[in-house]
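# Residue-level structural notes
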Amino acid sequence: MSFCYKRERNPSRQHLILIYMEAVKEIEDINKGLIEKGIKIRLEKRGSSLNFRGPLPISDEPKEIKDQRISLGLNANKEGISKAKKLLELLLLQLHHGQFNWKNWKSNKSRKEIKNQSLIKKIDDFKLVFFNQSQSILQSSKKSTWDYAYKPYLRRLQEISGSKELNSDMFCQTLKSYRESSRSRQQCASTLNVFAKYLNLDLPSNWKALGSGYGLKKYNFRELPNDELIKEISELIPNHKWKLVYGLMATYGLRNHEVFFSDYSSLLINGDHILRVLPTTKTGEHQVWPFHPEWVDFFGLSELAEDKNSLPNINIDLNETTLQQVGRRVSEQFKRYNLPIKPYDLRHAWAIRTVHIGLPDTVSARMMGHSVSIHNRTYHHWITRRDQQQAVDTALSRKNLITLNSPKTNKLLNIG
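Residues numbered from 1 in each chain as written. Predicted model: local features only at pLDDT ≥ 70, side-chain atom pairs only at ≥ 80, totals over all residues. Heavy atoms only, no water.

## Quick look at the overall build of the chain
Applicable threshold: In this text, helices come from DSSP runs of H or I with a minimum length of four residues, and strands from runs of E with a minimum of two, each type numbered from the N-terminal end. Categorising residues by exposure relies on relative accessible area from a 1.4 Å probe, with only protein chains included: less than 20% of the type maximum marks a residue as buried, more than 50% marks it as exposed, and the intermediate range marks it as partly exposed. We call two residues in contact when some of their heavy atoms are within 4.5 Å. Here the open area of atoms and residues is found with the Shrake-Rupley method and a 1.4 Å probe, where only the protein chains shown may cover a residue.
Secondary structure summary: the chain contains 19 helices and six strands in total. When burial is assessed residue by residue, the chain has 41% of its 416 residues classed as buried. In the chain, the share of contacts with a sequence separation of at least 24, taken over all contacts with a separation of at least 6, comes to 60%. For the chain, the computed accessible surface area is about 24700 Å², with 51% contributed by carbon and sulfur atoms.

Here it is, written out as C-alpha cells:
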C-alpha cells in the first residue's frame, strides 16, 4: 500500500529512471556498432556526463598510444548522446587521418566552447566528413565537387561572418550576395543547407524559395538556337574531332564532360544509337536516345563507334584530373572558335525538343541524368505551354466531334 503511494507521489522519479535506462541502452547500441567495426573507442557514461574512452595519442608523444578519456561536457540524455554521436564521427575521422590534437579535446572543454570554435575549424571538420562520407565515389570526383560546389560558397560565408558567431542571418546574407535566378545562387543554397544541417543550425522556412530562382527565370525566356541554326553553327568548327563533340551534345543533350565518358558502341550503322553514359560521370550511369535520330548521320557520329581516337585527345584520367576540368576544356574550345552559343545551349535545346515531341518529363529527366523536380523547374515555361496546348487541342477535338454529330450537321450531310 505504501509502495503504491510512493509511486503516485513521485512520478518524476519513474520518468528519470526511464530516461536513464533508454540512455544506457542507446550507449550500449553505439558501442556494439563500434565493436562490430573493429573500432576500440567507446562512448561511456560517468555519473550524469558523457566521455569517450579508448587508445588515444599521448600529447607530448603523438606516436605513442594509451587508453585515455575525453570529457565531452555533455549530459547523458537523448540530446547529449545525439551530439556525442556527431563528435564521435569527427574524432574517428581525425584519428584516421592522423589529425587528432589534444588542444581541440581538452578535458575541461565544454560543449559551448566547441560550438564557439572558429568557422575555419568548423569548415575543416566538415570537409573531413565530406571526403569520407562514401567510399563508392572516386576521390577525384569528391575533390572536384568540393572545389567547385562547396569551397567558394563556404569562403563567401566566412568573409561575411568574419569573427562573429554564426547564425541564420549570415547564411541569408551569403545567399543574397549572389544574383537572383543565377546558377551560383542555387548552388550556394544547396551547399549552405548541407553545412547548416551539419552544424545543427536552423535556416529560414523559405530557404528553398530564396535559392531556387535558377531555372524559373533565367531559362524560361532564354533564346535558344533552333535546329537549323544548330546545324549551321557546326560548320564554323574547323577541327573535325571537335565537330563530333558538338554533334554529340546537340544530338544527345550531353553535359560537357559526358562526351568523354560515354559508350559509343551502339552508334554502329546497324546499332540502335542509344548511348550509355558511364557511371563515372556527375550523375552516374544513364541511357540517352537521339533527338533528332537523323542527326546521328548528319554529324557522322557512327565514326565514334569505329575509331576510339575520334574525340579530341585530352586527359580524362580521373586520378589526375576532374570532371569539371574536362568540361571546362569544352567551354574553352567553344570560345576559341567564337561560336555564338554556349555548350549548355545545346543541352537545353535538346530538352526543349523532347518537350515539344511530347516525351514524358520523367523519361526526359532520366535521360538527362537529373531529378524530375529539377527538370520541371528548369523547363517549367515550355512544359506548361505544352500541357496547356494539349488541353486546348483536346477541348477543340471534343467540340468538333460534338459539332460533327449534331442533327443540323447530319441533315446537311444527308446522314440518317
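From this point, the narrative continues.
## Regarding the pattern of salt bridges
Note the cut-off: By definition here, a salt bridge exists when the distance from a side-chain nitrogen of Lys or Arg to a carboxyl oxygen of Asp or Glu is within 4 Å.
The full count for this structure, using the stated rule, is 14 salt bridges. In this structure, Asp147 engages Lys143 in a salt bridge whose closest nitrogen and oxygen atoms are separated by 2.8 Å. Here Lys143 and Asp147 lie together in helix 6 (residues 139-161), a separation of four residues that amounts to about one turn. When its relative accessible area of 24% is taken as the criterion, Asp147 is described as partly exposed.

## Brief notes about the sheet that holds strand 5 (residues 275-277)
Test applied: When DSSP finds two or more bridges between two strands, those strands count as paired.
If you trace the three strands from one edge of the open sheet to the other, you get 4-5-6, paired in antiparallel fashion. The open sheet has two free edges, formed respectively by strand 4 (262-263) and strand 6 (286-288), since each of these has just one partner strand. Sheet analysis places strand 5 next to strand 6, joined by three bridges and oriented antiparallel. Along strand 6, the bridge assignment pairs Val277 with His286.

## With respect to the packing of helix 3 (residues 78-96) against helix 5 (residues 119-131)
The condition is simple: Every axis in this analysis is a line fitted to C-alpha atoms, fitted for helices over the stretch in contact. Angles between the N-to-C directions lie between 0 and 180 degrees. Note on terminology: angles under 35 degrees are roughly parallel, angles over 145 are roughly antiparallel, angles of 65 to 115 are roughly perpendicular, and the others are oblique. Classification used: nonpolar for Ala, Val, Leu, Ile, Met, Phe, Trp, Tyr, Cys and Pro, charged for Asp, Glu, Lys and Arg, polar for all others including Gly.
Closest axis-to-axis distance for the helix 3/helix 5 pair is 10 Å, and the angle between their directions is 80 degrees. The orientation of helix 3 relative to helix 5 falls into the category roughly perpendicular. Taking contact as the criterion, the partners of Glu89, Leu90, Leu93 and Gln94 in helix 3 are, on helix 5, Lys121, Asp125, Leu128 and Val129. Among the residues forming the contact of helix 3 with helix 5, the class breakdown is four nonpolar, one polar and three charged.

## Describing helix 14 (residues 323-336)
One turn of an α-helix holds 3.6 residues; hence residues three or four places apart share an orientation. What counts, and what does not: Multiplying 1.5 Å by the helix residue count minus one yields the expected span of that helix. This arc is built from the directions going out from the helix axis to the C-beta atoms.
Along its 14 residues, helix 14 runs 20 Å from first to last C-alpha, staying within 8% of the 20 Å computed at 1.5 Å per residue. For helix 14, the complete set of buried residues consists of Leu323, Val326, Gly327, Val330, Gln333 and Phe334. Taken around the axis of helix 14, the buried residues stretch over an arc of 110 degrees, which confines them to a single face. Within helix 14, the exposed residues directed more than 90 degrees away from the buried face are Lys335 and Arg336. Within two residues after helix 14, Asn338 carries a phi angle of roughly 55 degrees, on the positive side.

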